[in-house]
Amino acid sequence: DSVKAVVLRVDSPGGSATASEIILDATRRVKARKPIIVSMGNVAASGGYYVSMVVGDQKDSIYAEPTTTTGSIGVIMPHYDLSGLLKRFDVKNDAISSHPRKQMLSMTRTIPPEHREILQRHVDELFGRFKSIVREGRPQFRADAAQLDTLATGEMFTASQALKNGLIDKIGFIEDAIERALQLAKLDKEEAQVVNFSRQPTVVDMLGLIRSQPTKLDLTSALEL
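This is a predicted model, so every value here is computed, not measured.

Enquirer: What is the right way to look at the environment of Asp 1 in this model?
Expert: Its place among the elements puts Asp 1 in the segment before β1 (6-12). Asp 1 gets classed as exposed once you look at its relative accessible area, which sits at 84%. As a C-alpha pair, Asp 1 and Lys 34 span 33 residues in sequence and 9.9 Å in three-dimensional space.

Shown next as C-alpha cells:
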C-alpha cells in the first residue's frame with residue numbers, strides 16, 4: 001500500500017509470446033490500482049514493446065532513452081530446414097508419429113504447403129493479438145488501423161523515429177519517468193522515496209555466492225541478499 005506509483009523499466013529484445021502476455025497481465029493488475037510509467041532502456045522491442053502497452057490510455061507514460069531501440073511489432077515462428085544437409089549424408093527422418101502434422105516444425109523435412117498454411121494461420125492470430133494490444137496502449141491507432149499496419153512490419157525504430165510515429169510519448173531517461181510518476185501519483189518530490197525492486201535471489205543464487213568464495217564468505221553480502 002505504501003507504493004503509490006510504479007516505473008516499469010523495460011530492457012528486452014522480446015521472446016516468448018506467452019511470457020510477454022504473463023508479464024502484461026501481472027502489470028495490468030498493478031495498473032488497475034496505481035499509475036505505471038514505462039522507462040525503456042537499451043532495447044524495448046517485440047515482447048519488450050508488448051509489455052510496455054500496460055500504460056493504456058494514460059498520457060505521457062512511455063519514455064525511451066535517446067539511444068533506445070524499440071518497435072519490432074511482429075511475430076516469428078523459427079524453423080530451419082536441414083533436409084538438404086541430411087540428404088547429403090544419407091540421413092533420413094524415420095520418426096513414427098500419430099499424425100503427419102505432429103512433425104510440422106521438424107527440421108529434418110521441408111514444410112509442405114498444407115502445413116505452412118496452418119502455421120501461417122497460427123502466426124497471423126498471434127500477430128492480430130499483438131496489434132490489438134498495441135491499440136490498447138497507443139489509442140491513436142484505434143482510429144487508424146492503416147497507420148499501425150504500416151509500422152507493424154517487424155521493423156525496429158530509433159527513439160526519435162518511434163516518437164515521430166507515435167510509438168512512444170517522450171524521449172527521456174529513467175529520472176524523467178520518475179518525475180512523471182510523481183506527477184500522476186500527486187506526490188511531493190521532497191517526501192517521496194524511490195525504491196528499486198529487483199528479482200529476489202534464490203537458494204541457487206546463495207549457493208553460487210558461497211561457491212564463488214570458497215575461502216572467505218562475505219557475511220555482509222549474504223545478509224543483504
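Enquirer: What's the story with the pairing of β1 in this structure? I'm lost.
Expert: Each regular strand shows side chains that alternate between the opposite faces of the sheet. Of the pairings in the sheet, the one linking β1 to strand β2 (residues 36-45) comprises six bridges and is parallel in character. When the sheet's bridge partners are listed, Ser 12 is paired in β2 with Ala 44. Regarding the hand of the β-α-β motif, the stretch spanning β1, helix α1 (residues 17-31) and β2 is right-handed.

Enquirer: Sorry if this is basic, but what is going on with the pattern of salt bridges here?
Expert: When charged atoms on two side chains of opposite charge get close, those side chains can pair. Following the criterion strictly, the structure yields 10 salt bridges and no others. Between Glu 114 and Arg 101 there is a salt bridge, with its nearest N and O atoms 2.8 Å apart. Remark: Arg 101 occurs in the loop between α3 (83-88) and α4 (113-137) and Glu 114 occurs in helix α4; sequence separation between them is 13 residues. Linking Arg 138 and Asp 169 is a salt bridge whose minimum nitrogen-to-oxygen distance equals 2.8 Å. Of this pair, Arg 138 sits in the loop between α4 and α5 (145-151) while Asp 169 sits in the loop between α6 (159-164) and β6 (170-171), and the two are 31 residues apart along the sequence.

Enquirer: Would you take a moment to explain the packing of α1 against α4 for this structure?
Expert: Between α1 and α4, whose axes approach to 13 Å, the crossing angle comes to 25 degrees. Here α4 runs roughly parallel to α1, going by the angle between their axes. Our pair here, α1 against α4, has a crossing hand that is left-handed. Here Glu 21, Leu 24 and Arg 28 of α1 come into contact with α4, specifically with Arg 129, Ile 133 and Glu 136. Looking at side-chain class alone, the contact of α1 with α4 contains two nonpolar, no polar and four charged residues.

Thresholds applied
- Residues numbered from 1 in each chain as written.
- Predicted model: local features only at pLDDT ≥ 70, side-chain atom pairs only at ≥ 80, totals over all residues.
- Heavy atoms only, no water.
- Helix = DSSP H or I, 4+ residues; strand = E, 2+ residues; numbered from the N terminus.
- Buried < 20%, exposed > 50% of the residue type's maximum accessible area, 1.4 Å probe, protein only.
- Pairing = 2+ DSSP bridges.
- Right-handed = clockwise from strand over helix to strand, strands pointing away.
- Salt bridge = Lys/Arg side-chain N within 4 Å of Asp/Glu carboxyl O.
- Axes fitted to C-alpha atoms, helices over the stretch in contact; angles between N-to-C directions.
- Parallel < 35°, antiparallel > 145°, perpendicular 65-115°, else oblique.
- Left-handed = near helix turned anticlockwise from the far one by under 90°.
- Contact = heavy atoms within 4.5 Å.
- Nonpolar A, V, L, I, M, F, W, Y, C, P; charged D, E, K, R; others polar.

These figures capture arrangement, not role.
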